[in-house]
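Given next are the chains, with one letter for each unit.
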Amino acid sequence: MGLRELVIDAWSWLNYKPVMSSQPRRGSGPFAELASGWVPPEDWRRLQAYKILAAYDQNQAGGLAAAAGDEAGLDRRELGDAAKLNTSALGYLLGASQSIVVPGAEATGQDPGPEAALARDVQGRLRDWARRELLPMRMQQAERSAVRYGDAVYTLAWDTGAVRPMLRTMDPGWYFPELTEDEVDTTGFPSKVHFAWELPADPATGQRARVRRITYELGPIGGTTVSVVHPDGTGHREWEQGPDGEMVLRPGDRIEVGTGRVTRVYPWAPERPSAVTCYLTDAEWLLEDLKAGEGVYNLPAHRARYRVRKDGEVLQGFDLALDFLPIVHLTNSIPDTGEQWGQPVISRVMQVLDELAATDTDSSASSGTTGTPIIALSGVRLPKDRATGTAVPLRVQAGTVWSLNEGGSMSTLDTSPQLRELRERTDHLLDRLAANSRLTASGLGTVQPSEVPSGYALALALGPLDALVGEMRLARAHKYRLLLKFVGRLFQAGQVGWPVGELPQAEVVWGPHVPTDKAEALDQAAKGYEAGLFSLETCVRMLADAGYPITDIAEEVRRIQSRAFAAAGQLADATGDTAVVRAFLNLPPGGPEIPSAPLG
């Protein structure tokens, strides 16, 4: 007997599933749609894993097993354990709140400087965009996908009607990036990405089954190059009109002398002309027209039907006037070296979930025989069916009386010990599930508050959960910075009044993932400020992180200072001694004048 092939990759934790070791077959099995021909074989395992994970989250793992040939799969009892793990992890990841922060925007004073003013302006603009674009809801959608499947995808596009970037979440099963080895190991940012999915046939409208593919690709501006010699020797010239459509350029594009390379000045890099732009192609192919070997990465262009925008623009190599792909791929975990895909929360406890489902199924069967036991009778005459003459089984119900002959007896099968053992096994598996998923029993709410001896003991119990949330947020930190950078650049490209040049970096700040002691945080901030150890900005930040309703730290500091100056002005008017007031406010001699304020 030969050894089974051992595959170790980002989805090795699913190798124990027989469906992961078989190739999809057209027209049969749970993954029949993957055998349509356009899905590349190298993506089969990833898409199979997504479908299995979706089945567990929707309590359909038994149906998936039945579709794969397990006849007992439909009897499997699933009570939402996988969904609870996913929703709990999602809640802890998102925390109490999410806010956009630009470092330096919290600077206060009469003259914070141009950098702080720019940071505050960008922060206000991004927060306004997040409010209009429903960013918290979009994050919920994307992060639910990342926690469930290990991956999530954001896309951005300029909305001319709303005059702002439009943020959308995409199914990671539609995401097909083309990454070279260097891109996987270093940047992780592909230069070409496809979104592809299958559209089923619709007999009512006569539509045949087809594949839709949206492609984002970085390429040279103009699509081709020409050699240009400029008579005045300036090294470039302004493009006016392309000869017979040889090149498609935009106003302001320039052609370098000699190289024929076309460059463009983007508003976020006015001093660095770029020769790269992003092209968008949106097309459909009939499934019946595709031949063997024609997959998502090499669909034939001559059979494509290109989609048209509302303004009549054909989406075939459409120049987006961006030097980046407006796509952000999130991973739930930090990928291993050489990998680009994340792992879901339940990846390490899949077999525990299977054991739980099996134990719940056995418990249900055992509870049936415990509540309605099996009874053996002797010395009783069973009634017979008049039509067939066969004995009619006796029914056990309340108030039933059986007359037994002399020497008759009755005995029951007691299955309560087995049921008790199964319940104890369920508790053991739940403890194992909480520990190995790192969500902890305290995090999942299975520990009663009265069972916790102290707050310090609870903090120690939540240690694995803190580490899990820290890793998940670390995996996302640079991706959200990248997303906000793309939003700013789309605003700059839209020419709607945003500043020109490199914008300050913005990031998403997560709220606390576990309840905090607000009174203790307030006490620490007050004592630290009184002792001169913390600045006012730091104290306000501490209170905001503790859960106090502070949305704008700089504005909160300004309000505090304005009230302090108003009170100082009243004190100065009442006493006439401004030196004492300056000492009270920690103001140097000869500093800003204390405003006068009327008493009362």
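Now for a look at the structure at hand.

As a further point, take the overall build of the chain. From N to C terminus, the chain includes 15 helices and 16 strands. Burial status across the chain gives 39% buried among its 600 residues. Pairs at least 24 residues apart make up 65% of the contacts formed inside the chain by residues separated by at least 6 positions. Split by element, the accessible area of the chain, about 33400 Å² in all, is 53% carbon and sulfur.

It is worth spelling out the nonpolar core at this point. Membership of the largest hydrophobic core comes to 110 residues, with the highest contact counts inside it found for I52, W129, Y154, F195, I346 and L439. By residue number, the principal contributor to this core is helix α11 (residues 463–493), which donates 12 residues. Aside from chain neighbours lying at most four places away, what touches I52 is L14, V19, M20, F31, L64 and M350. Residues L536, C539, V540 and I553 belong to the second largest nonpolar core, which totals 9 residues.

What follows concerns the packing of aromatic side chains. This structure, assessed with the given rule, holds 14 aromatic pairs. Geometrically, the ring pair formed by W38 and F176 is edge-to-face, given 6.2 Å between the ring centres and 70 degrees between the ring planes. Residue W38 is located in the segment before α1 (44–57), and its partner F176 is located in strand β4 (residues 175–178); the two are separated by 138 residues in the primary sequence. Note on F176: relative accessible area 0%, which makes it buried. Here W158 and F491 contribute two aromatic rings whose centre-to-centre distance is 5.9 Å and whose plane-to-plane angle is 85 degrees, an arrangement assigned as edge-to-face. Remark: F491 occurs in helix α11 and W158 occurs in strand β2 (residues 151–159); sequence separation between them is 333 residues. Classification of F491 by relative accessible area gives buried; the value is 8%. Over the face of the ring belonging to W341 we find R46, whose NZ or CZ atom lies 4.2 Å from the ring centre.

Before going further, it helps to examine unusual backbone geometry. What is expected of a backbone is that most residues other than glycine have negative phi and most peptide bonds are trans. One non-glycine residue with positive phi stands out, namely R438, at about 70 degrees. Using a relative accessible area of 28% as the deciding quantity, one classes R438 as partly exposed.

Turning our eyes to something else, we now look at the layout of surface pockets. The calculated volume of the largest pocket comes to roughly 1500 Å³. Residue lining of the largest pocket: 47 residues in total, with A157, W158, R309, F318 and L320 positioned closest to the centre. Counting only elements with at least two residues in the lining of the largest pocket, the list comes to β2, β3 (164–170), β5 (192–199), β6 (210–220), β10 (276–286), β12 (318–319) and α11. Across the lining of the largest pocket, the residue classes break down as 27 nonpolar, 8 polar and 12 charged.

We now examine the packing of α1 against helix α7 (residues 350–371). Interaxial distance between α1 and α7 falls to 12 Å at its minimum, and their mutual angle equals 40 degrees. Relative to α7, the element α1 is oriented oblique. The two elements α1 and α7 cross, and the hand of that crossing is left-handed. Across from I52, L53 and Y56 in α1, the residues of α7 making contact are M350, L353 and D354. When grouped by side-chain class, the residues that make up the contact of α1 with α7 number 5 nonpolar, no polar and 1 charged.

The next point concerns empty space enclosed by the protein. Where empty space is left becomes clear once a probe the size of a water molecule has been rolled over the atoms. One pass over the structure, following the stated rule, counts 2 cavities of 30 Å³ or more. In this structure, the largest cavity occupies an estimated 110 Å³ of space. For the lining of the largest cavity, the leading source of residues is α7, giving 4 residues. A per-class count over the lining of the largest cavity returns 6 nonpolar, 2 polar and 5 charged. One number sums up the size of the second largest cavity: a volume of about 90 Å³. If one sorts the elements of the lining of the second largest cavity by residue count, α11 sits on top with 4 residues. Classifying every residue of the lining of the second largest cavity by side-chain character gives 6 nonpolar, 2 polar and 3 charged.

This part takes up a negative patch on the surface. A cluster of like negative charges, contributed by E421, E424, D427 and D431, occupies part of the molecular surface. Residue position: E424 is located in helix α8 (residues 416–437). With relative accessibility at 47%, the residue E424 sits in the partly exposed group.

Take the side chain of T331 next. With respect to the element layout, T331 can be found in strand β13 (residues 327–331). Here the side chain of T331 touches S333 through a polar contact of 2.9 Å, landing on its backbone oxygen.

On to the pattern of salt bridges, then. Per the counting criterion, the structure on display carries 29 salt bridges. Of the charged contacts, one joins E143 and R476 as a salt bridge, the two residues approaching to 2.6 Å between their closest N and O atoms. With a gap of 333 residues between them, E143 in helix α5 (residues 135–149) and R476 in helix α11 connect regions that are remote in the sequence. Across this residue pair, the class does not change: E143 and R476 are buried. In this structure, the salt-bridge partner of E284 is R210, at a minimum N-O distance of 3.1 Å. Taken as a pair, E284 in strand β10 and R210 in strand β6 lie far apart in primary sequence, 74 residues in all. For the pair shown, E284 and R210 are each scored as buried.

In this structure, T369 sits in helix α7. The partly exposed category is assigned to T369, whose relative accessible area is 24%. In this structure the C-alpha to C-alpha distance between T369 and T415, which are 46 residues apart in sequence, comes to 6.6 Å. In this structure, T369 is in contact with I374, L413 and T415, ignoring residues within four places of it in sequence.

Right, let's talk about the sheet that holds β3 for a bit. Strand order in the open sheet formed by 3 strands is β3-β2-β13, and the pairing between neighbours is antiparallel. The sheet is open, and its two edges are formed by β3 and β13, each paired on a single side. Averaged over all neighbouring strand pairs, the angle between strand axes comes to 25 degrees, with direction disregarded. Two strands pair when backbone bridges link them, and β2 and β13 are joined in this way by 5 bridges, in the antiparallel orientation. In the strand pairing of β13, A152 is matched with L330.

Conventions adopted
- Sequence positions are assigned chain by chain, starting from 1 and proceeding in written order.
- Since the coordinates come from a predicted model, pLDDT governs what is reported: local features require at least 70, and pairs of side-chain atoms require 80 or more to be given and counted, while whole-chain, interface and lining totals use all residues.
- Heavy atoms throughout the structure, all of them, feed into the side-chain values; hydrogens and water do not.
- Only DSSP runs of H or I with at least four residues qualify as helices, and only runs of E with at least two residues qualify as strands; both kinds are numbered from the N terminus onward.
- Three labels apply to residues, based on accessible area from a 1.4 Å probe with only protein chains included: buried if under 20% of the type maximum, exposed if over 50%, partly exposed otherwise in between.
- Note on contacts: a residue pair qualifies if any of its non-hydrogen atoms lie within 4.5 Å across the two residues.
- What sets the accessible areas is the Shrake-Rupley method with a 1.4 Å probe; for residues, cover comes only from the shown protein chains.
- Throughout this description, the term nonpolar core refers to a set of buried Ala, Val, Leu, Ile, Met, Phe, Trp, Tyr and Cys residues connected via side-chain atoms within 4.5 Å.
- In this scheme Phe, Tyr and Trp rings, the latter by its six-membered ring, pair at centre separations within 6.5 Å, and the angle between planes marks the pair as stacked below 30 degrees, edge-to-face above 60, and tilted otherwise.
- Lysine NZ or arginine CZ positioned within 6 Å of the ring centre and within 35 degrees of the ring normal marks a charge as sitting over the ring.
- Whether a set of points on the 1 Å grid over the protein atoms alone is a cavity depends on a 1.4 Å probe fitting there but being unable to get out, while an open set qualifies as a pocket with protein on both sides within 12 Å along at least five of seven lines; lining residues are those with an atom within 4 Å of a point.
- Grid points are joined across faces, edges and corners, and a volume is the space filled by probe spheres set on the points.
- Note that Gly is not counted as nonpolar here; it falls among the polar residues with everything else outside the nonpolar set of Ala, Val, Leu, Ile, Met, Phe, Trp, Tyr, Cys and Pro and the charged set of Asp, Glu, Lys and Arg.
- Fitted lines through C-alpha atoms give the axes, limited to the stretch in contact for helices. The angle between two N-to-C directions lies from 0 to 180 degrees.
- Here roughly perpendicular refers to angles of 65 to 115 degrees, roughly parallel to angles under 35, roughly antiparallel to angles over 145, and oblique to all remaining angles.
- For any helix crossing, the convention is left-handed if the near helix is rotated counterclockwise from the far helix by under a right angle, and right-handed if that rotation is clockwise.
- Exposure above 30% relative accessible area and the absence of a salt bridge qualify a residue for a patch, where like charges join within 9 Å and nonpolar side chains (Val, Leu, Ile, Met, Phe, Trp, Tyr) within 5 Å.
- By convention in these notes, a salt bridge is any Lys or Arg side-chain nitrogen within 4 Å of a carboxyl oxygen on Asp or Glu.
- Charged residues are defined narrowly, with Lys and Arg counted positive, Asp and Glu counted negative, and His plus the chain ends left uncounted.
- For the purpose of locating charges, the reference atoms are NZ of Lys, CZ of Arg, CG of Asp and CD of Glu.
- Any N or O atom pair separated by 3.5 Å or less is treated as a polar contact, with the protein-specific requirement of one donor-capable and one acceptor-capable atom, and with residues adjacent in sequence counted only for side-chain atom pairs.
- When DSSP locates at least two bridges between a pair of strands, those strands are taken to pair.

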